[in-house]
Protein chains: 2
Amino acid sequence: MINVAILGYGTVGSGVFEILDTNKKLIGEKAGQEINVKYVLDLRDFPGDPCESVLVHDFNTILEDDEVEIVIEVMGGLKPAYDFVKKSLLAGKSVCTSNKELVAKYGAELIQIAKDHNRNFLFEASVGGGIPIIRPLNQHITADEICEIAGILNGTTNYILTKMDKEGADFQTVLAQAQELGYAERNPSADIEGFDAVRKIAILASLAYGKSVDFEDVYTEGITNITDIDFKYAAAMGKSIKLLGKCKKEANGIVASVTPRLLSPSHPLFNVEGVVNGILVRGNMVGDLVFIGSGAGKLPTASAVVSDVVDAVRHLNIPVTVIWDKEKLELLEFGKSRKSFFVRVEGDEKDKIEEAFENVTYIDAGIENEIGFVTRPMSEDEFKAASEKLENIITRIRIEE
Amino acid sequence: MINVAILGYGTVGSGVFEILDTNKKLIGEKAGQEINVKYVLDLRDFPGDPCESVLVHDFNTILEDDEVEIVIEVMGGLKPAYDFVKKSLLAGKSVCTSNKELVAKYGAELIQIAKDHNRNFLFEASVGGGIPIIRPLNQHITADEICEIAGILNGTTNYILTKMDKEGADFQTVLAQAQELGYAERNPSADIEGFDAVRKIAILASLAYGKSVDFEDVYTEGITNITDIDFKYAAAMGKSIKLLGKCKKEANGIVASVTPRLLSPSHPLFNVEGVVNGILVRGNMVGDLVFIGSGAGKLPTASAVVSDVVDAVRHLNIPVTVIWDKEKLELLEFGKSRKSFFVRVEGDEKDKIEEAFENVTYIDAGIENEIGFVTRPMSEDEFKAASEKLENIITRIRIEE
């Protein structure tokens, strides 16, 4: 029997507790021994809840108990999670976490501490919820140079964009609906501004290239400027709009971004709709691999956390190989990366558009008093320079190859 | 440095050789040490080929060389693969294979021999080509009871069905095209009769439930009876036809099959087209996980083989946990499993149809001199009994929920 402690009894924490109870026998067989939740840490009380008999309020109870071999951190945020996780690892306990903020900021350091102590720091649930993506990157896609990762990494924004697409609704209406249904938080900025997705793509890029990608270096744009008119043009082009977290190996290095993109039906993520997440990994040998599933939610996320616990039990004194060095990966300037742009301009002056952008393809979506067009492939910097020649640009959306 | 030997220099074997050369540095970093191909075994000679300097014709050269720690079996078939693999394991070498026939028939035994010798028998490439599915089942989906696995597991048949769907072509025409393009073999029966897919679903079911599923117990039907007229009805229903390998946990046990199925657009595998493979795993906690990628082809399959080699190097003296017991898993009788059926009947006698099947839903695809309809959900046995009341059934296709 192995003793574990759960830090945080919120959505994911209570999910972990529930799964370890409901699937106890099966999980014990998979792990090779029974897993016993010795403590649940939370500041709150939960009278009548099944966790009550193991609930503690002081982290030191867990830290100082040598019988606890695995700590499950599902509190979220950096404080006090970072402190608790680091102390746990230093005390010779393995840690499994769902905390993308923690992993994005301190991943390399915590992996190293775990390794130094022959323990594991595992974080499958930090990206893509229940979808296996961290473990495939670490343990499966090891024969390939990774050319590209593109992911729909945030269920809230994908839900909003799908609703706008299917129902022709505007952003604010759908956001309000999503908040009512609990798919979006009251303060939705982490989701709709791309702050959630950018941490996730930074984690995936760090694992893909073995060095630390600072999420603050990644160009990030959310979906707040996407309108129902944009979706009319998208429909006219037969495309859909998705918020894509991307990293891509180019000739001179890695470029990374989080931006809304227009996707063709042939793109592997075109059909990933609603709160579902989807991740494309493109290898130089294996080609395209696509992983789809629930990117959030109590039980899917908790399932991934428990899969890490099983892995930690199987590798009690053996660090699982995770290649993610502290050395910073310097990303290529986003301004140099190339693509075509869809642009909307007020008025009807095609001559000015062509003067600024040369060859363009006009898109007729039946919208009056404006012109929609697609540019040739150009760098972000070139696009910016050309854009400055026009005074009446309404919006632009990048086109995914 | 670790020495490996490749048994068989066919499509996959030469792909493995190529990947270990092209991505040598990267793979060495992932594995923790350089991987050196000390031998390639093949009966043929390959004058001028890069493998020439390490080519041998006698398996004993490899078997008796203690420096060879990992054997890569990519010959296919049971003879002499089984003998070579077993001897390699008994000699204390780990084995990585892409051989679905070998794994489907001797998986449990070979896993046990490997375990007894503190070595590994790994077979990621035996199902789904380059798609990670074996490792996710063994190492990721460990917190869930697996409710269902459904897979498009054969690229040849999916290519044929997709062509028939999109182009309205008939089976024989598309099969001939596929043979010309090298997507189907001259003797295509292993693919089109479902013999390939049934071995793959047997492997997945064995891993999902931890006991040996005998592929000969799995009800298997290929795609040879599917016609262009069937696709007209499918279009009228808004569905597509896919060859699905399935295993499903029902109240009394596991039911498994390989059959053509009508899928709705909401099914996660509806959009998996062409030679691509897709696998849905449904867990009782994580919900639906979908894995999509190249199910065959030289480099994708070889990529999965090399990922096993990396895993074997990382776990040189540590058996990776694979739970697949020799004990046979007795499947539920397929006759008891329930679903709706789409049926085509000659003539126009609706009264006879309703006498035999009670409530049915008629499908109008504009085909003359026949009637198409969908039954209520019923067991295979009930369907058979009802069918016997009609003398003029043209065909029937199962409807996937």
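The model shown is predicted, which means the values in this text are computed figures rather than measured ones. (Residues numbered from 1 in each chain as written. Chains lettered and ligands numbered in written order. Predicted model: local features only at pLDDT ≥ 70, side-chain atom pairs only at ≥ 80, totals over all residues. Heavy atoms only, no water.)

1. A closer look at the overall build of chain A
Each helix and strand in chain A was counted, giving 14 helices and 17 strands. Against the globule reference of 21 Å for 401 residues, chain A gives a C-alpha radius of gyration of 23 Å, in line with a compact fold. By its C-alpha atoms, chain A is 75 × 45 × 35 Å across when sized along the principal axes. A buried classification covers 61% of the 401 residues belonging to chain A. (Helix = DSSP H or I, 4+ residues; strand = E, 2+ residues; numbered from the N terminus. Rg over C-alpha atoms; globule rule 2.2 N^0.38 Å. Buried < 20%, exposed > 50% of the residue type's maximum accessible area, 1.4 Å probe, protein only.)

2. A short note on the interface of chain A and chain B
Counting from both sides, the interface comprises 43 residues of chain A and, opposite them, 43 residues of chain B. Of the roughly 3,700 Å² buried between chain A and chain B on both sides combined, carbon and sulfur atoms contribute 56%. A per-residue breakdown of the area chain A buries against chain B is headed by His-140, Thr-142 and Met-285 of chain A, which together make up 18% of the total. The tally of links between chain A and chain B comes to 13 residue pairs in polar contact (both at pLDDT 80 or more). (Contact = heavy atoms within 4.5 Å. Buried area = accessible area lost by both parts, 1.4 Å probe. Polar contact = N/O pair within 3.5 Å; in protein donor to acceptor, adjacent residues only side chain to side chain.)

3. Re the relation of the copies chain A and chain B
Of the transformation superimposing chain A on chain B, the axial component is 0.0 Å and the angular component is 180°, with the fit at an RMSD of 0.0 Å. This pairing of chains is accounted for by a two-fold axis. For chain A, the minimum C-alpha distance to the rotation axis belongs to Phe-291 of chain A and amounts to 2.5 Å. Same-surface contact between copies: 100% of interface residues of chain A are shared with the interface of chain B. (Least-squares fit on C-alpha atoms with pLDDT ≥ 70 in both.)

4. Considerations on the packing of helix H7 (residues 155–167) of chain A against helix H8 (residues 171–180) of chain A
Residue and element names in this part refer to chain A. It is the contact of H7 with H8, at a shortest axis distance of 9 Å, that shows an interaxial angle of 130°. Classed by the angle they form, the pair H7 and H8 counts as oblique. For the element pair H7 and H8, the recorded crossing hand is right-handed. Contact with H7, carried on its side by Tyr-159, Ile-160, Lys-163 and Met-164, involves Phe-171, Val-174, Leu-175, Gln-177 and Ala-178 of H8 and no other residues of that element. The residue makeup of the contact of H7 with H8, split by class, is 7 nonpolar, 1 polar and 1 charged. (Axes fitted to C-alpha atoms, helices over the stretch in contact; angles between N-to-C directions. Parallel < 35°, antiparallel > 145°, perpendicular 65-115°, else oblique. Left-handed = near helix turned anticlockwise from the far one by under 90°. Nonpolar A, V, L, I, M, F, W, Y, C, P; charged D, E, K, R; others polar.)

5. So, the pairing of strand E1 (residues 2–7) of chain B
Residue and element names in this part refer to chain B. With 6 of 6 residues buried, E1 lies mostly within the body of the structure. In E1, alternate side chains face the same way, and those of Ile-2, Val-4 and Ile-6 on one face and Asn-3, Ala-5 and Leu-7 on the other are all buried. Here 6 bridges tie E1 to strand E2 (residues 35–41), and the two strands are oriented parallel to one another. Within E2, the position partnered with Val-4 by the bridge is Val-37. With 5 bridges connecting them, E1 and strand E4 (residues 68–73) associate as parallel partners. The residue bridging Asn-3 from the neighbouring strand is Val-68, located in E4. (Pairing = 2+ DSSP bridges.)

6. Side note on the packing of aromatic side chains
All names here are of chain A. Following the criterion strictly, the structure yields 27 aromatic pairs over all chains and no others. Taken together, the ring pairs connect Phe-341, Phe-357, Tyr-362, Phe-373 and Phe-383 into an aromatic cluster. Above the face of the Tyr-362 ring, Lys-350 is positioned so that its terminal group lies 4.2 Å from the ring centre. (Phe/Tyr/Trp six-rings, centres within 6.5 Å; stacked < 30°, edge-to-face > 60°. Lys NZ or Arg CZ within 6 Å of the ring centre and 35° of its normal.)

7. Quick notes on the nonpolar core
Among the nonpolar cores identified, the biggest contains 172 residues, and Phe-121 of chain A together with Phe-121 of chain B are the most heavily contacted of them. Look past the residues within four positions of Phe-121 of chain A in its chain and what remains in contact with it is Val-85, Leu-89, Val-95, Thr-97, Leu-102, Val-103, Gly-107, Leu-110, Ile-111 and Ala-114 of chain A. (Core = buried A, V, L, I, M, F, W, Y, C linked by side-chain atoms within 4.5 Å.)

8. Side note on the sheet that holds E2 of chain B
Residue and element names in this part refer to chain B. The parallel open sheet is built from 6 strands, whose spatial order is E3-E2-E1-E4-E5-E6. The two strands at the open ends of the sheet, each matched to only one other strand, are strand E3 (55–56) and strand E6 (121–122). Pairing analysis gives 2 bridges linking E2 to E3, with the strands arranged parallel. Pairing of Leu-41 across the sheet is with Val-56, part of E3.

9. Some words on the pattern of salt bridges
If you walk through the whole model with that rule in mind, you get 68 salt bridges over all chains. The partner of Glu-401 of chain A in a salt bridge is Lys-248 of chain A, and the shortest N-O contact between them spans 3.4 Å. Highlighted residues: Glu-401 of chain A in the segment after strand E17 (393–399) and Lys-248 of chain A in strand E9 (residues 240–250), separated in sequence by 153 residues. The class of Glu-401 of chain A is exposed, set by a relative accessible area of 70%. Note that Arg-261 of chain B is salt-bridged to Glu-400 of chain B, the shortest N-O span being 3.1 Å. Of this pair, Arg-261 of chain B sits in strand E10 (residues 253–263) while Glu-400 of chain B is found in the segment after strand E17 (393–399), placing the two residues 139 residues apart along the sequence. Note on Arg-261 of chain B: relative accessible area 4%, which makes it buried. Residue class for Glu-400 of chain B comes out buried when judged on its relative accessible area of 5%. Residues joined in a network through salt bridges with shared partners are Glu-148, Lys-246, Arg-261, Arg-282, Asp-288 and Glu-400 of chain A. (Salt bridge = Lys/Arg side-chain N within 4 Å of Asp/Glu carboxyl O.)

10. Considerations on unusual backbone geometry
Note that the residue after Lys-79 of chain A, namely Pro-80 of chain A, is joined by a cis bond; omega there is 5°. The phi angle at Glu-358 of chain A is positive, at roughly 60°, despite the residue not being glycine. For Asn-369 of chain B, which is not a glycine, the phi torsion comes out positive at approximately 65°. Following the sequence through the fold, Asn-369 of chain B ends up in the loop between strand E14 (360–363) and strand E15 (370–375).

11. Some points on H8 of chain A
Residues and elements named next belong to chain A. Residues of H8 that are buried include every one of Phe-171, Val-174, Leu-175 and Ala-178, and no others. Projection of H8 onto a plane perpendicular to its axis shows the buried side chains occupying an angular sector of 105°, all on one side. Seen from the buried face of H8, the exposed residues on the opposite side, beyond 90 degrees, are Gln-172 and Glu-180. Packed against the buried residues of H8 are H7 and helix H9 (189–192). With its phi angle positive at about 80°, Gly-182 sits one or two positions after the end of H8. (Arc of directions from axis to C-beta.)

12. Thoughts on the domain arrangement of chain A
Quite often, the size of an interface is put as the accessible area lost when its parts meet. When its domains are assigned, chain A resolves into domain 1 (2–129 + 298–314), domain 2 (135–294) and domain 3 (335–399). Taken over C-alpha atoms, the centre of domain 1 of chain A sits 50 Å from the centre of domain 3 of chain A. (Domains from an automatic or database assignment.)

13. Some details on the environment of Leu-316 of chain B
Residue and element names in this part refer to chain B. As for its placement among the helices and strands, Leu-316 is situated in the loop between helix H12 (298–314) and strand E13 (338–346). Classification of Leu-316 by relative accessible area gives buried; the value is 19%. Placed 53 residues apart in sequence, Leu-316 and Asn-369 show a C-alpha to C-alpha distance of 66 Å. Filtering out sequence-adjacent residues up to four positions away, Leu-316 remains in contact with Ile-2, Gln-33, Glu-69, Asn-118 and Arg-119.

14. Points about the sheet that holds strand E3 (residues 55–56) of chain A
The strands making up a sheet are joined through hydrogen bonds of the backbone, oriented either antiparallel or parallel. Residues and elements named next belong to chain A. Spatially, E3-E2-E1-E4-E5-E6 is the arrangement adopted by the 6 strands of the open sheet, whose pairing is parallel. Each of the sheet's edge strands pairs with one partner strand only, and the pair in question is E3 and strand E6 (121–122). Strands in contact with helix H12 (residues 298–314) are strand E1 (2–7), strand E2 (35–41), strand E4 (68–73), strand E5 (94–97) and E6; relative to E5, the strand with the most contacts, it is inclined by about 165°.

15. Points about the pairing of strand E5 (residues 94–97) of chain B
All names here are of chain B. Of the two faces of E5, both are covered, the one formed by Ser-94 and Cys-96 as well as the one formed by Val-95 and Thr-97. Inspection of the sheet shows E4 paired to E5 by 4 bridges, in the parallel sense. Residue Ile-70 lies in a different strand from E5, and its bridge partner there is Ser-94. Taken together, E4, helix H4 (residues 81–90) and E5 constitute a β-α-β crossover, and its handedness is right-handed. Across 2 bridges, the pairing between E5 and E6 is parallel. Along E6, the bridge assignment pairs Val-95 with Phe-121. (Right-handed = clockwise from strand over helix to strand, strands pointing away.)

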